[in-house]
Amino acid sequence: MIEIVDFAKTYGRFRAVRGLSLQIERGEVYGFIGPNGAGKTTTIRFLATLLEPTRGRATINGFDVVRETNEVRRSIGFMPDSYGVYNGMRVWEFLDFFGLAYGIPRGRRQTLIDDVLSLVDLSEKRDDFVNALSRGMKQRLCLARTLIHDPPVLILDEPASGLDPRARVEIKEILRELASMGKTILISSHILTELADTCSSVAIMERGELVASGSIEKILAQVAANRTASIRVLLEHERAFRWLEAQHDLSEVTREGDRIRFGFTGSDERMAALVSQLAQRGHQPVWIEEHKPSLETAFLTMTKGKLQ
Ligand SMILES: Nc1ncnc2c1ncn2[C@@H]1O[C@H](COP(=O)(O)OP(=O)(O)O)[C@@H](O)[C@H]1O
Ligand SMILES: [Mg+2]
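Owing to the predicted nature of the structure, the values given are computational and were not obtained by experimental measurement. (Residues numbered from 1 in each chain as written. Chains lettered and ligands numbered in written order. Predicted model: local features only at pLDDT ≥ 70, side-chain atom pairs only at ≥ 80, totals over all residues.)

Caption draft 1: Inspection of the overall build of the protein chain at higher detail. Across its full length, the protein chain carries eleven helices and 14 strands. The C-alpha atoms of the protein chain give a radius of gyration of 25 Å, which is well past the 19 Å a tight globule of 308 residues would have. Expressed along its principal axes, the backbone C-alpha trace of the protein chain runs to roughly 85 × 45 × 30 Å. Here the protein chain holds 308 residues, and the buried ones make up 36% of them. By sequence separation, contacts in the protein chain at least 24 residues apart represent 67% of the contacts at least 6 residues apart. (Helix = DSSP H or I, 4+ residues; strand = E, 2+ residues; numbered from the N terminus. Rg over C-alpha atoms; globule rule 2.2 N^0.38 Å. Buried ≥ 20, exposed ≤ 12 C-beta atoms within 10 Å, placed from the backbone. Contact = placed C-beta atoms within 7 Å.)

Caption draft 2: Representation of the pairing of strand β6 (residues 76-79) within the structure. Burial along β6 is two-sided: I76 and F78 and G77 and M79, pointing in opposite directions, are all buried. When β6 meets strand β7 (residues 153-156), the two strands line up parallel, connected through four bridges. Its bridge partner being in β7, F78 is matched across the sheet by I155. (Pairing = 2+ DSSP bridges.)

Caption draft 3: Broad picture of the site of ligand 1. Around ligand 1, the surrounding shell consists of Y11, F14, A16, G34, N36, G37, A38, G39, K40, T41 and T42. Breaking the shell around ligand 1 down by element, the ones donating at least two residues are β2 (14-24) and α1 (40-47). If you tally residues by element for the shell around ligand 1, the top one is α1, at three residues. For the shell around ligand 1, a count of residues per class yields four nonpolar, six polar and one charged. (Near = placed C-beta within 6 Å. Nonpolar A, V, L, I, M, F, W, Y, C, P; charged D, E, K, R; others polar.)

Caption draft 4: Structural detail: the pairing of strand β9 (residues 201-206). Across the six residues of β9, five count as buried, placing the element largely inside the fold. Examined bridge by bridge, strand β3 (residues 29-33) and β9 share four bridges and lie parallel to one another. Residue pairing for β9: G31 is matched across the bridge by V202. Both β9 and strand β10 (residues 209-215) contribute to a ladder of six bridges, which runs antiparallel.

Caption draft 5: Expanded view of unusual backbone geometry. Notably, N61 is not glycine yet its phi reads approximately 55 degrees, a positive angle. If you trace the backbone, N61 turns up in the loop between β4 (55-60) and β5 (63-64). Phi is positive for D150, close to 50 degrees, though the residue is something other than glycine. Note on placement: D150 falls in the loop between α5 (135-147) and β7. When the 14 C-beta atoms within 10 Å are taken as the criterion, D150 is described as partly exposed.

Caption draft 6: Structural detail: the sheet that holds β7. Reading across the sheet, the six strands line up as β6-β7-β8-β3-β9-β10 and stay open at both edges, with mixed pairing between neighbours. The outermost strands of the open sheet, each flanked by one partner alone, are β6 and β10. The sheet shows a mean angle of 15 degrees between the axes of neighbouring strands, taken without regard to direction. Looking at chain direction, β3 and strand β8 (residues 184-189) are connected through five bridges and run parallel. Bridge pairing links Y30 to L186 in β8. On top of the sheet, α5 reaches β6 and β7; it is set at about 155 degrees to β6, its chief contact. Contacts from helix α6 (residues 165-180) reach β3, β7 and β8, with the element oriented near 155 degrees to β8. (Axes fitted to C-alpha atoms, helices over the stretch in contact; angles between N-to-C directions.)

Caption draft 7: Main features of the sheet that holds strand β1 (residues 2-11). Strand order in the open sheet formed by four strands is β2-β1-β4-β5, and the pairing between neighbours is antiparallel. Only two strands of the sheet have a single neighbouring strand rather than two, namely β2 and β5. Helix-sheet contacts for α1 involve β1, β2 and β4, and the interaxial angle to β1 is about 120 degrees.

Caption draft 8: Inspection of the environment of A229 at higher detail. Tracing the backbone shows A229 in strand β11 (residues 228-233). Residues A229 and D128, spaced 101 residues apart in sequence, show a C-alpha to C-alpha distance of 55 Å. Contacts of A229, omitting those with residues within four sequence positions, involve F262, F264, M271, I288, E289, E290 and H291.

Caption draft 9: Structural context of the domain arrangement of the protein chain. Domains assigned within the protein chain are domain 1 (2-214) and domain 2 (227-292). Here domain 1 and domain 2 have C-alpha centroids that lie 48 Å from each other. (Domains from an automatic or database assignment.)

Shown next, in the form of structure tokens:
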């Protein structure tokens, strides 16, 4: 549904995106993740037909984002990372304005406005002023605006940023509902965990380059492969530490008092053998702890280029 081939964007001599290729299937909720400055907004603005690429091409719904901008704009609902304030406009007027911009006839606009307001749970705010809404409500209203022409593709630039936890949950619920309606959704965030339970796939960007991409399951498997463990021993900590350090299948072995920590990718049997050998060597192991990195840690590791 969305295909990006070798997209690059240079601002002056600064290379913001350096040859990005991605393919997003119909019906996917695709997370576009990366820390600030990774190139997410640049890529999204290119897809939204608002930015000329230095190199590369992309198609959405079969239309070329550079040559067929009108068809692309009709195919997408785009929510930018910041929006203006519409002083003195009521909620329904705001939506009516955008409906008109899309050339939707008046009678049909009324029905559509009611539909999208109910979808984002703002029906009761229909006649309220936009600037009197809470931040979460404004964000939902912007989401409603992207839906007014019933596009098959939604492109949302950090729609949950700056929202409190409750408002984030509400946005996620709406996204799930939209996904169940068959929309293809590209959504960016600088927080991986924010999207992990909503997305089917993710792409992780760092400094203009793709670091990892694939199904959430695949990313989680990479996370599991990067676990660490710590063992506490009662006797001769330093000797136990040196012995563990000499084991070729352990990595980054460190000691803090009686606690020895190390990277471990082996089997449970191997861990059991290590513990029993420590016991045989007289160290009296008393406590073992497994640390599976959180998605957040994995994200930080990946964006430092250690994982791929
Ligand atoms: N118009 C611009 N002129 C110069 N540099 C820009 C411009 N827009 C973005 N950048 C730079 O490109 C990099 C990527 O920005 P952006 O795409 O906004 O990243 P993200 O959305 O992932 O935070 C950043 O270092 C940013 O400062
Ligand atoms: Mg951005």
